[in-house]
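Each chain, written out:
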Amino acid sequence: MQASVEGKEILRGLNLEVKPGEVHAIMGPNGSGKSTLASVLAGREDYEVTGGEVLFNGKDLLDLSPEDRAREGLFLAFQYPIEIPGVSNINFLKTAINEIREYRDMDPIEPKEFLALVKEKQKLVELDGKLANRSVNEGFSGGEKKRNEIFQMAMLEPKLCILDETDSGLDIDALRIVANGVNQLRSPERSFIVVTHYQRLLDYIVPDFVHVLYQGKIVKSGPKELALELEEKGYDWIKAETSVAI
Amino acid sequence: MSLVINQSPVERLTAHFEQELPSLYGDAALRREAMATLREKGIPDRKWEDYKYINPAALFKQPHVAQARVGLEIKPEAVTLMVLQPGSALAVVVNGELREDLSKLDRLPAGVRVKSIADAVVSDAVAREYYNAVNGTSADPFVLWNNALNKGGVFIHVDKNVQSEVGIHVLHISTNEVAAVSHPRNLFVIERDAQIEIVESFETLGPVKTFTNALTEVVVHQNAIVDHYRMQLEGQVGHQMNTVNAVTQKGSNYRTYTFTLDGAWVRNNLNIRFSESHAEAHLFGLTMLNGQRVADHHTIVDHAIPNCMSNELYKGVLDDKSLGVFNGKIFVRRDAQKTNAYQTNRNILLSDDAQINTKPQLEIYADDVKCSHGTSTGRMDEDALFYLRARGIGEAAARKLLVRAFAEEVVTNVPNDAIRAYVENRLDHFFN
């Protein structure tokens, strides 16, 4: 897959296969294209996909609108969750769930069932019940916003979750809560792409594979130990290796 | 059809006035004086600062502004469809005249009177005392026009200490066989320590163009509480000038809610004057515009007296090629110390061709005051839109949610459940 923004090529040919139940970490230095990858997969329109395809359960995601991608089971946990004053978290989630159910030819969720689900999933990330009733992310702290992302993920039960720098701006306690929530959502059917700059998050969410993204390409892939190596040596050795290869 | 051509709009208005005068109620001298002043001042055009964006002169060139009216018959079933809350008393005003046969006024408690103003200025001392008193020496052309030609409207009088549980819905309907103007004229006098809710709604029936030049005077006496709604729901043929001149006394609370949800052309002049201290005024407004509709809100809050509070929040949603205007004046006069005055106007433009002109205008001559104003205009938040879509919410539904959210800040201030539900329902159907 290739993608560009305002004529500038950001992703320059990237191949990745994620099987059900797998957790893939995408690491890389600033500006390597990590967040672009997350945004392109979710369908952000600021990016132009200039080539390639993204097959998801037999469909090309690139042909689908952002909402249809979500309805097919894709979930992006935002690096910077948006504040939406005037839209209550609960109303927002109910609308989302029912739109997804409609897409799948299911009846709207029963109010009772919905409330039970909210109660159950809030516990996963220790989200205060009061926050669920407030406007989406409005006045939430950085940690609360990230927990709310994972709470939404739990509510929507996606097949593929993309975590975009979910660790950024989190203190260690919040990081533990968020990671714990994610780990409880791991299952043989559900896959994760964890985009992160630091190895720290991967201590808690242990990946099956680690890929290094640099200058819009995956330049190195390996087992989880690769993350530790990156932590130890930094990204410079990758850059050096890559420039030799190019 | 008249054979007279080449008449200027003012000449046609004058000729029409002379024709109508013998059949009009009340003080003919007052009417003649108003007409003379109107003739002298002329009809506002783009050169008038207060009317520059909407140019009423263009409207006055159309023949129907000086045409005799032929009303259409209204069936009670049609009225039923326009009732906003079943529990309140209903005063139906058709083409500017109270129709007691269509109204339901027997629900009102003792001490609350709703009458035809044409009768009241003859038989009721309070109506006589206040009729045109709040307008004072206003030289606004639409006030003068209404003074010259109004055929009636409602007089509402609430006795002191009466807190009415039952609200009053004043339903204004414009309906004509041929295009015409009507001049509803209202006077609300709320005595001390009384409380009332008055919901005015404006509707049109039938396909012909209408112009409604409504004028309402409001007197809120000491410690009285008034909730005054204006629901502007006239259809695509409806043109409306709506003037409210209010004066409030010590410790009173006058709350206004202006919902401009339909109508081809709407201009509101809402003027509130504090005449005694420790009074409050609240001005809430929500405007939803699409197509080529026009809505212009001019508000004046006159802090003529110390220790009063005013709070104004107007929001606008503009789509297609619509045009909106907000002009909010706040005067804090030299002796009006300890004034609190707040004003906010926010707009979102949903299309490239929609236009909003917004102008907060604060003139403060006292030094110990708290005043603030803020205005913002923007597009729909694309990041928020993407966030909602990324959770599986379709684009249309996401836009709807965001418009609802934008309007919520105003809607949440509406104490009347039925009105709030009505507005929310209209918001949800705005895009359909």
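The model shown is predicted, which means the values in this text are computed figures rather than measured ones.

## Describing the domain arrangement of chain B
Residue and element names in this part refer to chain B.
Phase 1: Taken domain by domain, chain B holds domain 1 (9-276) and domain 2 (381-432).
Phase 2: Here the C-alpha centroids of domain 1 and domain 2 sit 31 Å apart.
Phase 3: Taken residue by residue, the interface counts twelve residues in domain 1 and ten residues in domain 2.
Phase 4: Of the roughly 960 Å² buried at the junction of domain 1 and domain 2 (both faces included), carbon and sulfur atoms supply 73%.
Phase 5: Broken down residue by residue, the surface that domain 1 buries against domain 2 is led by Leu84, Phe259 and Leu261, which jointly contribute 44%.
Phase 6: Run the count over domain 1 and domain 2 and you get one salt bridge.
Phase 7: For arginine 426, the salt bridge is made with aspartate 262, and the minimal N-O distance between the two is 3.7 Å.
Phase 8: For the interface between domain 1 and domain 2, the tally reads three residue pairs in polar contact (both at pLDDT 80 or more).
Phase 9: Here the side of domain 1 that touches domain 2 gets three residues from one element, more than from any other, and that element is strand S10 (residues 225-232).
Phase 10: For the side of domain 1 that touches domain 2, the per-class residue count stands at eight nonpolar, one polar and three charged.

## Here we look at helix H10 (residues 417-428) of chain B
All names here are of chain B.
Phase 1: Look at H10: 17 Å from first C-alpha to last across twelve residues, which is about the 16 Å you get at 1.5 Å a residue.
Phase 2: Among the structural elements, strand S8 (195-205), S10, strand S12 (253-260), strand S14 (280-289) and helix H9 (395-411) are those in contact with the buried residues of H10.
Phase 3: For H10, the N-terminal cap is asparagine 416; the gap from its side-chain oxygen to the backbone nitrogen of alanine 418 is 2.9 Å.

## Description of the nonpolar core
Phase 1: Grouped together as the largest cluster of nonpolar side chains are 110 residues, with contacts concentrated most on Ile84 and Met153 of chain A together with Met231, Phe259 and Val423 of chain B.
Phase 2: Considering every element that reaches this core, the biggest residue donor is H9 of chain B, with nine residues.
Phase 3: Among the domains, domain 1 (9-276) and domain 2 (381-432) of chain B are the pair contributing at least three residues each to this core.
Phase 4: Excluding anything up to four places from it in sequence, methionine 231 of chain B contacts Leu84, Val199, Glu200, Ser201, Phe202, Phe259, Ile419, Tyr422 and Val423 of chain B.
Phase 5: In this structure, Ile196, Ala224, Tyr254 and Phe326 of chain B belong to the second largest nonpolar core, which totals 35 residues.

## Some words on the interface of chain A and chain B
How big an interface is tends to be stated in terms of the accessible area lost upon association of its parts.
Phase 1: Each partner contributes residues to the interface: chain A has 30 residues there, and chain B has 17 residues.
Phase 2: For the pairing of chain A and chain B, the buried interface totals around 1900 Å² over both sides, and the portion due to carbon and sulfur atoms is 66%.
Phase 3: Of all residues in chain A, Arg44, Glu67 and Ile82 of chain A bury the most surface against chain B, accounting for 25% of the area lost on that side.
Phase 4: Across the contact surface, chain A and chain B share four salt bridges.
Phase 5: Note that arginine 389 of chain B and glutamate 45 of chain A form a salt bridge whose closest N and O atoms lie 3.5 Å from each other.
Phase 6: Counting every contact that joins chain A to chain B gives twelve residue pairs in polar contact (both at pLDDT 80 or more).
Phase 7: Those elements that provide at least two residues to the side of chain A that touches chain B are helix H2 (66-72), strand S7 (74-77), strand S8 (84-88), helix H3 (89-103) and helix H6 (142-156) of chain A.

## Describing the pattern of salt bridges
Phase 1: This structure, assessed with the given rule, holds 35 salt bridges over all chains.
Phase 2: Two residues, lysine 59 of chain A and glutamate 72 of chain A, come together in a salt bridge whose shortest N-O distance is 2.5 Å. Of the two residues, lysine 59 of chain A sits in strand S6 (residues 59-60) while glutamate 72 of chain A sits in helix H2, which places them 13 residues apart along the sequence.
Phase 3: Residue lysine 59 of chain A is classed as partly exposed on the basis of its relative accessible area of 39%.
Phase 4: Residue arginine 399 of chain B pairs with glutamate 395 of chain B through a salt bridge whose shortest N-O separation is 3.2 Å. You can see arginine 399 of chain B and its partner glutamate 395 of chain B sitting in helix H9, four residues apart, about one turn around the helix.
Phase 5: By relative accessible area, glutamate 395 of chain B is classed as partly exposed at 30%.
Phase 6: Through salt bridges with shared partners, one network takes in Glu45 and Glu67 of chain A together with Arg389, Glu395 and Arg399 of chain B.

Parameters at a glance
- Along every chain, residues carry numbers that run from 1 in the direction the sequence is written.
- Numbering of ligands from 1 and lettering of chains from A proceed in the order in which they are written.
- Only residues with pLDDT of at least 70 get local features here, since the model is predicted, and only at 80 or more are side-chain atom pairs given and counted; chain-wide, interface and lining totals rely on the full set of residues.
- In computing side-chain properties, one takes all heavy atoms of the structure into account and sets aside hydrogens as well as water.
- Domain limits in this description derive from either an automatic procedure or a database domain assignment.
- Here a residue-residue contact requires only that any non-hydrogen atoms of the pair lie within 4.5 Å.
- The buried area of a pairing is the accessible area, by a 1.4 Å probe, that goes missing from both parts when the two are put together, added over both.
- In the sections that follow, a salt bridge refers to a side-chain nitrogen of Lys or Arg positioned within 4 Å of a carboxyl oxygen of Asp or Glu.
- Contacts described as polar in this section are N or O atom pairs within 3.5 Å, which, within protein, must combine one atom able to donate a hydrogen with one able to accept it, while residues neighboring in sequence count only if both atoms come from side chains.
- Think of it this way: any DSSP run of H or I at least four residues long counts as a helix, any run of E at least two long counts as a strand, and we number them from the N terminus.
- Charged means Asp, Glu, Lys or Arg here, nonpolar means Ala, Val, Leu, Ile, Met, Phe, Trp, Tyr, Cys or Pro, and polar covers whatever is left, Gly included.
- Given the number of residues in a helix, its expected span is that number minus one, multiplied by 1.5 Å.
- What makes a nonpolar core is a set of buried Ala, Val, Leu, Ile, Met, Phe, Trp, Tyr and Cys residues whose side-chain atoms join them at distances within 4.5 Å.
- Classification of residues uses two cut-offs on accessible area relative to the type maximum, computed with a 1.4 Å probe and protein chains only: under 20% is buried, over 50% is exposed, and between them is partly exposed.

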